[in-house]
Amino acid sequence: MKRRSSAPSAHRITLSKVVRHIILIAVGVLLIYPLLWMVASSLKPEELIFRDPSLLPETIDFSNYTDGWNALSSPFGLYLLNSGAIVLGSLLGNLITCSMAAYAFAKLEFRGKKIFFALMLMTLMLPIHVLIVPQYVLFSNLGWVNTFLPLIVPKFLATDAFFIFLMVQFFRGLPKELDEAARIDGAGYWRTYFQVLLPLSVPALATTAIFTFIWTWNDFYSQLIYLTRPDVLTVPVALRNFVDSTGGSSWGSLFAMSVVTLIPVFLVFLVGQRYLIKGIATTGLK
């Protein structure tokens, strides 16, 4: 009797798994359809982009890529390099200073620690629109407008509270015995930070690096405010120049260059996804 009753149960479990996977695949296709449509449209002639909604173009045309690369005042490669320079500076700034601030909050004892930590968390609730005007006035007086400095220098001052909090949670999860063993061996705070904690913090650092790359690469608002000269434009601002409010937009070139700008994000996420998952899983609330 037990063998006969187990067969229908196993059949129901298998059927539920099949249904669940079909639903997940359908939802996945629905979510990724706009991306697939953009890639397909970048390979169509301009006049067929909105007339032919299919994902399989009848003829593959790469002219949108060549035209889009040279459509603006400078080759599109310049804007990729500008974005890359800002991303690199932001990465270094966040990895160095946010990890140092997180180490201080998580492992050191000093007067006003809880107050400063609360103030740091409160900055997460401040929208950028509140800060952008005084920041612009400050950077304008310093002569930094139309340079990369307003977008890079603040990262070296530990201004991203989200990443500080992320790494604080990770450092708190490390055993205190590591710090005590380092002090017994004669290591000071700096040596403990560099030689003991940082090598163990690769998942948290990788998560910070991936999020910093994606957010900085896709940042439009801040870069639009500070960068107005054609030679210092970044990828998001350059893509905006393909759209003309009078109706003369170059959609084929826009879609083609959008695909090009997605390639670095895709590669970074593809390479670092296991570190991203591990970093998020090990920095939960404790």
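Here the structure is shown first, and the text comes after it.
Residues numbered from 1 in each chain as written. Predicted model: local features only at pLDDT ≥ 70, side-chain atom pairs only at ≥ 80, totals over all residues. Heavy atoms only, no water.

Draft legend 1. Spatial organisation of the overall build of the chain. The helix and strand inventory of the chain stands at 13 helices and zero strands. For the chain, the succession of helices and strands along the chain, N to C, is α-α-α-α-α-α-α-α-α-α-α-α-α. Its C-alpha radius of gyration of 25 Å places the chain more than 25% over the 19 Å reference for a compact globule of 286 residues. For the chain, the C-alpha atoms occupy an extent of roughly 85 × 70 × 30 Å along the three principal directions. Counting across all 286 residues of the chain, residues that qualify as buried make up 38%. Just so you have it, the chain exposes about 17,300 Å², and 70% of that area is on carbon and sulfur atoms. Positive and negative side-chain charges of the chain, numbering 22 and 15 respectively, have mean locations separated by a distance of 20 Å. (Helix = DSSP H or I, 4+ residues; strand = E, 2+ residues; numbered from the N terminus. Rg over C-alpha atoms; globule rule 2.2 N^0.38 Å. Buried < 20%, exposed > 50% of the residue type's maximum accessible area, 1.4 Å probe, protein only. Areas by Shrake-Rupley, 256 points an atom, 1.4 Å probe, with all protein chains shown as cover. Lys, Arg positive; Asp, Glu negative; His and termini not counted. Charge placed at Lys NZ, Arg CZ, Asp CG, Glu CD.)

Draft legend 2. Structural detail: the packing of aromatic side chains. Throughout the structure, instances matching the rule amount to 24 aromatic pairs. Aromatic side chains F162 and F163 sit 5.4 Å apart centroid to centroid with 75 degrees between the ring planes, which places their arrangement in the edge-to-face category. F163 sits in the buried class, given a relative accessible area of 2%. Here the aromatic residues W37, F50, W251 and F255 are joined through ring pairs into a cluster of three or more. Residue placement shows R172 over the ring face of F117; its charged tip is 5.2 Å from the ring centre. (Phe/Tyr/Trp six-rings, centres within 6.5 Å; stacked < 30°, edge-to-face > 60°. Lys NZ or Arg CZ within 6 Å of the ring centre and 35° of its normal.)

Draft legend 3. Quick peek at unusual backbone geometry. Residues other than glycine seldom take positive phi values, yet N146 does so here, at roughly 65 degrees. Here N146 lies in the loop between α5 (128–141) and α6 (149–152). You will see that A158, though not glycine, has its phi angle at about 55 degrees, which is positive.

Draft legend 4. Representation of the pattern of salt bridges within the structure. Scanning the entire structure with this criterion turns up three salt bridges. Between E109 and K113 there is a salt bridge; the shortest N-O distance is 3.5 Å. The class of K113 is buried, set by a relative accessible area of 14%. Salt-bridge contacts for R229 lead to D231; the nearest nitrogen and oxygen are separated by 2.9 Å. The class for R229 is partly exposed, based on a relative accessible area of 37%. The partly exposed category is assigned to D231, whose relative accessible area is 36%. (Salt bridge = Lys/Arg side-chain N within 4 Å of Asp/Glu carboxyl O.)

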